[in-house]
Structure formats: C-alpha cells, structure tokens
Amino acid sequence: MRRSLCTLTVIMFWMIAGVSGAVGLTADDLKPLAEDDFDAKSQAIDRVIASGNDVALRLLEALNKERVVATDDDTVLIQEGNTLKDPITNAPVSTAASEVQPIALNNSLRARVASALSGLRLQAPDRAVRARAIDALLHGPDPSLKAEIEAARSKELDPVLKNRLDQLWALTALQDPDPAKRLQAAQLIGQRKDPQMRGLLLPLLEKNKDGAYAESDPKVRAAAGDALKAMAFEQWQIEMVGTLFAGLSLGSILLLAALGLAITYGLIGVINMAHGEFLMIGAYATYLVQEFFRRNLAGALDWYPLAAVPVSFMAAAIAGFILERLVLRLLYGRPLETLLSTFGVSLVLIQTVRVVFGAQNVQVANPSWMSGGVAIMPNLILPFNRIAIMIFALLVVGTAALVLNRTRLGLFIRATTQNRRMAACCGIRTWKVDSYAFAFGAGIAGLGGCALSQIGNVGPDLGQSYIIDSFMAVVLGGVGQLAGTIVGAMGLGLVSKVIEPFWGAVLAKIAVLVLIVLFIQKRPRGLFALKGRSVEI
Amino acid sequence: MKRRKLLKILSLTACLAIAAVPSFTKAASSEPIKVGILHSLSGTMAISETSLKDVALMTIEEINKNGGVMGRQIEAVVVDPASNWPLFAEKARQLLSQDKVAVVFGCWTSVSRKSVLPVFEELNGLLFYPVQYEGEEMQKNVFYTGAAPNQQAIPAVEYLMSKEGGGATRFFLLGTDYVYPRTTNKILRAFLHAKGVQDSDIAEVYTPFGHSDYQTIVADVKKFAQGGKTAVISTINGDSNVPFYKELGNQGIKATDVPVVAFSVGEEELRGIDAKPLAGHLAAWNYFMSLRNPVNTAFKKEWAAYVQAHNLPGGDKRVTNDPMEATYVGIHMWKQAVEKAGTTNVDKVIEAAYGQKFNAPCGFELELDANHHLHKPVFIGEIRPDGQFSVVWKTKGPVRAQPWSPYIPGNESKPDHLTVVPLLPVDHGTDTATAQDVGR
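Here the residue numbering is sequential within each chain, running from 1 through the sequence in written order. Written order decides the labels, with chains lettered from A and ligands numbered from 1. Where local features are concerned, this predicted model is filtered to residues with pLDDT of at least 70; where side-chain atom pairs are given and counted, the filter is 80 or more; whole-chain, interface and lining totals use all residues. Computation of side-chain values: all heavy atoms of the structure, hydrogens and water removed.

**Q** Whenever I open this one, the overall build of chain A confuses me. Can you help?
**A** Regarding its fold elements, chain A presents 20 helices and 6 strands. Atoms counted for the radius of gyration: C-alpha only. Globule rule: 2.2 Å times the number of residues to the power 0.38. On C-alpha atoms alone, chain A measures out to a radius of gyration of 31 Å, which is more than a quarter above the 24 Å that the 2.2 N^0.38 rule sets for 537 residues. For chain A, the C-alpha atoms occupy an extent of roughly 95 × 65 × 40 Å along the three principal directions. For chain A, with 537 residues in total, the buried portion stands at 48%. Reported accessibility uses the Shrake-Rupley method at a 1.4 Å probe radius. Residues are deemed covered only where the shown protein chains occlude them. Accessible surface, chain A as shown: approximately 25,400 Å² in total, 63% of it carbon and sulfur. Numbering of helices and strands starts at the N terminus; helices are DSSP runs of H or I of at least 4 residues and strands are runs of E of at least 2. Accessible area is worked out with a 1.4 Å probe on protein chains only. A residue is then buried under 20% of its type maximum, exposed over 50%, and partly exposed in between.

Put into structure tokens, the structure is as follows:
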C-alpha cells in the first residue's frame, strides 16, 4: 500500500521535475544541512525541494519528522529506529546510532519543509493524505506552490476536496495577471469567511504612493470589500462564542475550587483557611498516580486521570478528617481561633510539601485525549482539557448535591447544621456527622485539585492562588447554598471574561473585586440568602 | 520535672558546641572569609532562587577544596529573606553589620535588588547580582553578572525580525505587571520604533502575578496575528508561563505560525512542566545547559556530583541554567579580584575586579567591565520536548553591556562606566567594537 503510494508520488515528481528541470542530488548537496550556517542550510533545502525526486520526498519526510542526522564529518543520514540509511541510495550504512547528532531546524525552515511536503502530497492517491495536505496549506498558504495547486485542482474528483482546493487556489491567485481569476479568487475567499485570511485581502484595498489602488479592477476591489465585511462579522461571532466559552470555563474552574469550601464553610460553618491546601493535596495525589502509572502501567498512562479521581478524593478526605479530629473539634464555636489555627495548618502543609517534593513545581502532563481541541468555527478552537473540566465540574456538583439531598449522611448533615441540639436529641451523633461532613468537603476540594492539575501548575503554592477566589464565589453566592456557589462561580467567571478584552487582565481583576464589594453592600447575604436561618456558630 | 532537666542538659551541650566551633577555627592559621548568600528559600520565589543558593554553596565548596582564597577558607552564611522584599533589606543589613561578610551573592527580582541597594550603599557592602534584568542601574556596590537588555532582549527581537527568525513585522509584548517587563517593553518599543515598526503593529498586554487564565489573551494573539507575521515577546514571570503555553498549544497556535520568545523561561522553569506543548518556542539567554564545550561539561558534572553528594531534592533531574552560571561566574570573579587586591576590603576589591577574566561554562572567556557588568554572548535557543534548548542562533562573541539603554531618552548623558573609583588601564579599545556589534 505504502509502496504503491510512494511510486505514484514519484511519478508525480517526475512530472513536476519535468517542468522545473530535474536536478540530481549528491551527498555534497546535502552537506550544508549539517552545518550551523542558516543561509547554507536554507539553500540546501531549496535544492532538495527543487530536485523533486524520490530522494527529495524521503528527505523532506524525514526532516519533517526530525529524523535526519549527521555524523561529525557532516555526512547526512536518515535514522529509522536504530538503523541509519543513506538518503540518496536508501541503503543502510554501518555508522552506529551513537555517533550521530540530529540536524536542528528552526521555525522558518520547518515551515518551509512542511509546506513543500504538503505541496508534493496534493495528488497523493490516499484521500486522507490529500485532505491533510490541503488543510495544512489552507492554514498557512504558500504562494510558491501555485503550480502544484493548479495541477491538483484540475485532477481532483472528490467534491469536498475539490471545493477546498478551489479555496486553496484562491489564496494563491490574488496576484494573478488575469482580472477574472482575481475576481473569482476574492469571491472564493469571501465564501470561506476565515478571518485568518484578512491579511491577504487587505493589501488589495490599499492605495499605492501615486494614489491609484493596488488592485486596478474595481470589481475585484468590491469583491474583496464584501469578503472583508463577511470576515468582520464572522470574527465578531467568533469573539462572542469565544468569550462565552472562556467565561464558562473559568467559572467551572472557580466552581471546582470553591465547591469544597461551599460545604465546609457554607454548610458546617468552619472558616477553613487550609481549604486551598486540600486542593493542593488533591493535585499532588494526581501527580503521584501519574508517576505510578508511568513506572508500572506505562501502556495505560493516558487513563491515569480516571484513577487519580478517587485517589485525590480519598487523600484530601483523610487529611480533612485528621484536621477535624485533631484541631477543629476543639475549636467549634470559636471562629477566630479556627481561622488562625487553620491558617497555621495551611502554612505547615505548604512547607511540608516543599520539604518532601521540593520547592519546584512537579510535572503533571495532560493525557493525549485532553491535548488539542475541536475547531467549531474557522479560527475558534475549544481546548479539550477545558471541555473535560466543564463536564467534570458538572459531575462533581451533581454528586455533591446527590450526597447532600438523597443520602442518609446528607440528611444528618443538614439536620445538624440547622439545629444541632434537636438533631442530637433525635439520636444523631453530631460529632461523627461533623467529622464526616468536613472530610466530605475536603474530599470534594481534592477532586477540585485533581482537575486544576490538568490546567495549571502543581506546586506548594497552588492552594494560595485559589483560596481568595473560592471565598469570593461562596460569599457572593450566599453562604449555605450549593446553588448559590454555582451561580456565584459562573457569574464571576463570565463577568471577568467579558471585562478583560476591554480593560486588560490587571484592571479586570480590580473591577471584579470592586463589583463584589458593591454587591455585598447591597445584599450582605449574597445572591441566594437562606431565609430565617439562624446564625448558629 | 524530668523535661526541665532534659532541656537544661540539651541547652548546655548546645552552648558548649557553639562555643567550641569558633575556638577551633581561631586555632587555625587564618580565619575563614565569611560570604553571605541572600536567596529566598521559601515563598513564591523559592522555586527559582533555591538552586542559586545550592550552586553558590557548590562553588564555595569547590574553591575551598582547591585551597580557598589567599589560602583562607570561605564560610557561607545562608539567610532566607522568604520572598519578602523588606525582609531582603533587613537580612542584608544583618549579613553586613552582624556577620561582617566580605561579599553577598543574592537577590532575584528587581524589587528585591532595589530594596537592598540603600543598605549596601550605607554600609559599603558588595553585592553580586546574578539575574538578567531591565538595566537602568549602575551602582558602585553591585556587580551585575546577569544580562542587561542589550545582551538579551534586543538581540532576540533582531533575530525575530531577520529572515532566519521568520521575518516578524508585528509584535505582541506580553508580560507580568511589574518593573522588569514594563521597563524592558519600554526599551523594546523604542527599539522597534527605531526599526520603523508602527505603534499599530505593537500590542502591549500585562497580567497580574500568578495569572492562570490566558484564554482571552491567546484569542487576542490570534486576532492580532491576522494582520501579518506576528511574534510574541514574553516577559511573563515564573509559573504563569505554563498555563500560557498550554493554552497556546490547545488553541492550535504553533511555533511555526506565531513564535514566542521568552526572557524568563529557562531549564529550571521547564523542569516543572510538561515541555511538549512548548516545543519550538524560543528563549534568549547567555547560557544554556545544552551548550557543548569542555568548561560546561565540567560544570555540569560538578553540579550533578554536588546534587548527589548532598542528596538535594529533585536528584538526577536537577538542571543548570543561566542565573546559576552567572552565580558561578560571579563567585569566581570575586575570588580573582580578592586575590589580585590581596584583601577583602570592598573598595579595593571593586577596583581589582575591573578587567577580571574567567573561562565560563557558556564557552567564552567573560570579562568584568568597568561598567559593573559582564561581557556576555547571546544565544537564542529553541525549546525541545525534553525541556532542554537547542541553540538556533548566537552572537559571534561576548557583547558589552549597555546598562543605560540608548533607546530610553535622557540616557545619552549617563556615564558609560563608573568613575567614582579611578580606572585601571584595562584595554577598552576592543570593547567599543563589540558594543557596536550589538547593533547588527
């Protein structure tokens, strides 16, 4: 299969080479690739591209995959696994893999190799290969490939690909001497509405120094103007959708950070300054699970987050249980002392982590299914890790609500927080309920930490950066209500993302804080105030 | 009762032990020279500064093993200013007036340096500052062994504008909101103006410290890039870089489309991150761990052995980076200056330090100039998936520092070097040539 592909492309090469004049490549032509001089390197690559034979294809493919190596005396070789091959004869050579250094390309050379390779693949027999080549070129148009694109366009039979090739052709045909072709090109670009291509159209509407338009034909100018208008509208839509998504995403991150606090502070009434450190414990638990998978279950490494979810919950819940038993139990009804002692505990936890894991952040990698994103509009990509975290936030909120409203433990928690003495009279062991409820809240915070590890840094100070936002979301939403925290977190996320494009990140943060102060003045008990709830503790 | 007795015994032994130490050293032929190490070992900056403390201790151990300075051993006094800027000044005062140290190696952020400056001036101390910074300073009591803007930022932008670097015409200046990024961007904007770049082709955006949500900013970068070939110049500090690069990768911006060149991302910062999404982006420094030369090989070997011998956290994953090299070079420069002056007297050491040369791990012989800065080579490195850098561009040789940037108005009249102390006949003839070299 692959071989037939290769031979076909080779035939195609000869066709192109027939036009440009075939040049045989020699080992000396390739030597500059191994040198440090950029100009020599770039000329060597130009020669490879121009030669257009199977050697060139082999070399370009290897360059694209960073598999080209060189020996100390500048002999260029292609590495395939542990064997090294001569790029011209494709025969294995005796040089050992330890004696070679990889050839370093820089960004501009890499882009050139990739686009040349795409150009050569435009007529590949495999549809998927063609489609990928066209998409790559649509993303970064290369005017030097005009001949290849036109050749491919006249041969393509697949209607979808043909359509895309037309658009690709349009990107290179804006400078065509024939005004009819230019007009068609401008119209095609307008249909595609990709704002990324604005840069190609804008020069058409500019005036030269002598006052004449750069584009002489008024029809083409009109078409370009229309296309730009369509793009501006598309860009506006992209920005709206993008802002909405960013706001919801930030909101769901705040929600995950704040949800544990909504239980420990909101329901039980403990001012827990060590809440951020429960997030940190959850994140470090995720890190440990990842390391465990890396050492013992390397094949299933992509699925470590699934195992990390219960582990981080348990780790934080156990830490919460111990904290409640050893410290908080003695301080119920004394909020100031609780605040101070939990603050102390948070410092102890941070420094402990620093001693055990070092002051450096630890490395938590996104699994491959959480990297990248889905393009829902041209130029708007929604990252998978943010989508995953939104779904995860929904699941965690659902679980917390279920536990609190549908289980016996939840019933006891609600009873105890509403009227401790009455609950005790009914036979509830309130001290036990306190411990479990606090451990549950801490566990939820651990889940938050597990999610945060996928989006930010995991370091000893992780909790510190979220504790203020968490308190804000809980207080804004109204203490004692899960629904309040959800609305509070989402509201905070959306408002900061709507403000940010206008005022910048620094002022947006200040503006959000000012808004909260004003809001709390108006409604001291937050969005969802519990009516008739007596302040018990 | 028992506990009290135990305490008494313990404190007695402690007193004895403390008393015993100086009497031992006094018995030796000459007392050790005390040097101060002023790096945050806790708080937000601990992430970067801890390894500078480690490398300073390593260098001191190495010097002691080779016979010390003028036959005297060096004794390090390590203090922890805890990422707290006023505490830096307090600890500096303690080092200079109580511990009577001969020299201090320390500070990372510009604000910590600014906070200790008055103390060093008042008590006539000597500080070696090892981190790249915004310039606009030349203090008699400080030697700056990190890069000035013309040894890092400006060559990096020139590279981005060149054909080799992609020929960028639009620039997105993105930084954390404090003095270093603001001043650097001010210099860069003036530099870009001088190169004919219009204000409409420059965007300048700042984020708060510890910012972690880069969705809006990355969307802005994308929109900005519609107007032409764009490069992002990042002065984002510390761990905010991770969410930024992650967002960039996830939103589909590749280094071949919009390259990001960073001035605060080095090997040590990359150690804590999955570097795969960053691959292909750039950083400008005066030293990379991946440089291949005999001095660097020896330096890396010494560091690895030190890490192992002292069982430092991180173990074999520990790396070397630019500020660590600058610390190492700084301590050696001081040692050479002391040996030349024959004393640890601050004024005499400063005088003797001008023109000192040292074979540094960056592969060049670096010279300490009378402008209190080092001549340094500039490297542009590309981030590799393993968190190391491969060098894609470098200057031909060391570049002389211009602490007073010519791109900031009013700097023309500032002195080129310090004239407070009489200059030694150092051959500055060659320096002017290297200084013009920067303009390339």
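**Q** I tried to follow the pattern of salt bridges on my own but got confused; where do I start?
**A** Should the charged atoms of two oppositely charged side chains come close, the side chains can pair. By definition, a salt bridge exists where a carboxyl oxygen of Asp or Glu is found within 4 Å of a side-chain nitrogen of Lys or Arg. Enumeration over the complete set of coordinates arrives at 35 salt bridges over all chains. Here E337(A) ties to R334(A) by a salt bridge, and the two come within 3.6 Å at their closest N and O atoms. Residue classification places E337(A) among the partly exposed residues on the basis of a relative accessible area of 35%. Of the residues examined, R334(A) reaches a relative accessible area of 39% and is grouped as partly exposed. One salt bridge connects R386(A) with D213(B), and the closest N-O pair in it is separated by 3.8 Å. With one member in each of two chains, R386(A) in helix 15 (residues 384–406) and D213(B) in the loop between strand 7 (202–207) and helix 7 (215–225) form a pair that bridges those chains. D213(B) gets classed as buried once you look at its relative accessible area, which sits at 6%. Through salt bridges with shared partners, one network takes in R386(A), K497(A), E500(A), D213(B) and E247(B).

**Q** Sorry, what's going on with the interface of chain A and chain B here?
**A** The figure often quoted for interface size is the accessible area lost as the parts come together. The contact definition used throughout considers only heavy atoms, calling two residues in contact when any of these lie within 4.5 Å. On the chain B side, the residues contacting the 55 residues of chain A number 50 residues. The largest per-residue losses of area from chain A upon contact with chain B belong to N107(A), Q360(A) and R386(A), which jointly make up 15% of the total buried on that side. Here chain A is connected to chain B by 5 salt bridges. As a salt-bridge pair, E239(A) and K223(B) come within 3.0 Å of each other at their nearest N and O atoms. Identification of polar contacts relies on pairs of N or O atoms within 3.5 Å, with a donor-acceptor requirement for protein atoms, meaning one able to donate a hydrogen and the other able to accept it, and with residues adjacent in sequence counted only if both atoms are side-chain atoms. Put simply, chain A and chain B have 13 residue pairs in polar contact (both at pLDDT 80 or more) between them. Residue assignment for the side of chain A that touches chain B shows that the elements contributing at least two residues are helix 3 (38–51), helix 5 (107–121), helix 10 (198–205), helix 11 (218–267), helix 14 (335–357), strand 6 (380–383), helix 15 and helix 20 (482–522) of chain A. Under the grouping applied here, Gly and all other residues not named as nonpolar or charged are polar, the nonpolar ones being Ala, Val, Leu, Ile, Met, Phe, Trp, Tyr, Cys and Pro and the charged ones Asp, Glu, Lys and Arg. Of the residues in the side of chain A that touches chain B, the class split is 20 nonpolar, 25 polar and 10 charged. As used here, buried area is the combined drop in accessible area, with a 1.4 Å probe, of two parts when they are placed together.

**Q** Would you take a moment to explain the side chain of T59(B) for this structure?
**A** Residues and elements named next belong to chain B. Secondary-structure assignment places T59 in helix 2 (residues 46–65). Among the polar contacts listed, one links the side chain of T59 to the backbone oxygen of V55, at a separation of 2.7 Å. Those residues in contact with T59 that sit more than four places away from it in its chain are Y328, I331 and H332.

**Q** I keep staring at the sheet that holds strand 1 (residues 68–70) of chain A and nothing clicks. Help me out?
**A** Each strand in a sheet pairs with another by means of backbone hydrogen bonds, the pair being arranged parallel or else antiparallel. Residue and element names in this part refer to chain A. With antiparallel pairing, the 4 strands of this open sheet are ordered in space as 3-2-1-4. The outermost strands of the open sheet, each flanked by one partner alone, are strand 3 (83–85) and strand 4 (101–102). As paired strands, strand 1 and strand 2 (residues 76–80) are joined by 3 bridges and run antiparallel to one another. Each residue of the ladder has a partner; that of V68, found in strand 2, is I78. Pairing between strands is defined by DSSP: at least two bridges between them are needed.

**Q** Is there a simple way to think about the packing of aromatic side chains in this case?
**A** Remark: the centre distance and the inter-plane angle together describe each pair of aromatic rings, the angle taken between the planes. Whether two aromatic rings pair depends on their centres lying within 6.5 Å, for rings of Phe, Tyr and Trp, where Trp uses its six-membered ring; planes under 30 degrees apart make the pair stacked, over 60 edge-to-face, and the rest tilted. Per the counting criterion, the structure on display carries 28 aromatic pairs over all chains. Relative to F440(A), the ring of F313(A) lies with its centre 6.3 Å away and its plane at 65°, an arrangement referred to as edge-to-face. With F313(A) in helix 13 (residues 304–326) and F440(A) in helix 18 (residues 430–452), this residue pair connects regions lying 127 residues apart in the sequence. Since its relative accessible area comes to 21%, F313(A) is described here as partly exposed. Overall, the relative accessible area of 10% leaves F440(A) in the buried class. Between Y159(B) and W393(B), the aromatic rings sit 6.0 Å apart at their centres with planes inclined by 45°, giving tilted as the arrangement. Residue Y159(B) is located in helix 5 (residues 153–161), and its partner W393(B) is located in strand 14 (residues 389–394); the two are separated by 234 residues in the primary sequence.

**Q** How should the nonpolar core be read in this particular structure?
**A** One broad trend across soluble globular proteins is that nonpolar side chains are buried collectively. L38(B), L126(B), F172(B), F244(B) and W334(B) are the most contacted members of the largest nonpolar core, which totals 103 residues. In terms of nonpolar packing, the next biggest core, distinct from the first, is built from 72 residues, L267(A), A316(A), V362(A) and L482(A) among them. In these notes, a set of buried Ala, Val, Leu, Ile, Met, Phe, Trp, Tyr and Cys residues joined through side-chain atoms within 4.5 Å is what counts as a nonpolar core.

**Q** Just checking my understanding: could you explain a nonpolar patch on the surface for this structure?
**A** For patch building, the residue pool is restricted to those with more than 30% relative accessible area and no salt bridge; the joining distance is 9 Å between like charges and 5 Å between nonpolar side chains (Val, Leu, Ile, Met, Phe, Trp, Tyr). Taken together, the side chains of V495(A), V498(A), F502(A), W503(A), L507(A), I510(A), V514(A), L515(A) and L518(A) present a nonpolar region at the surface, about 900 Å² in accessible area. In this structure, I510(A) sits in helix 20.

**Q** How should the sheet that holds strand 14 of chain B be read in this particular structure?
**A** Residue and element names in this part refer to chain B. Taken together, the 7 strands give an open sheet; going across it, the order is 7-6-8-9-10-13-14, and neighbouring strands pair in mixed fashion. Each of the sheet's edge strands pairs with one partner strand only, and the pair in question is strand 7 and strand 14. Within the sheet, the average angular offset between the axes of one strand and its neighbour, ignoring direction, is 25°. Taken together, the 5 bridges between strand 13 (residues 379–383) and strand 14 define a ladder with antiparallel strand orientation. Bridging from a neighbouring strand, I380 pairs with W393 of strand 14. Each axis is a line fitted through C-alpha atoms, taken for helices only over the stretch in contact, and angles between the N-to-C directions span 0 to 180 degrees. Strand contacts of helix 8 (residues 241–250): strand 6 (170–176), strand 8 (230–235) and strand 9 (260–262), with the helix running at about 170° to strand 9, the strand carrying the most contacts.

**Q** Any chance you could explain a negative patch on the surface here in plain terms?
**A** Residue and element names in this part refer to chain A. Where like charges cluster on the molecular surface, the negative patch consists of E35, D36, D37 and D39. Checked against the element boundaries, D37 lands in the loop between helix 2 (27–30) and helix 3. Look at D37 and you get partly exposed, because its relative accessible area is 43%. Positive residues here are Lys and Arg, negative ones are Asp and Glu, while His and the chain termini are left out of the count. For charged residues, the charge sits on one atom: NZ in Lys, CZ in Arg, CG in Asp, CD in Glu.

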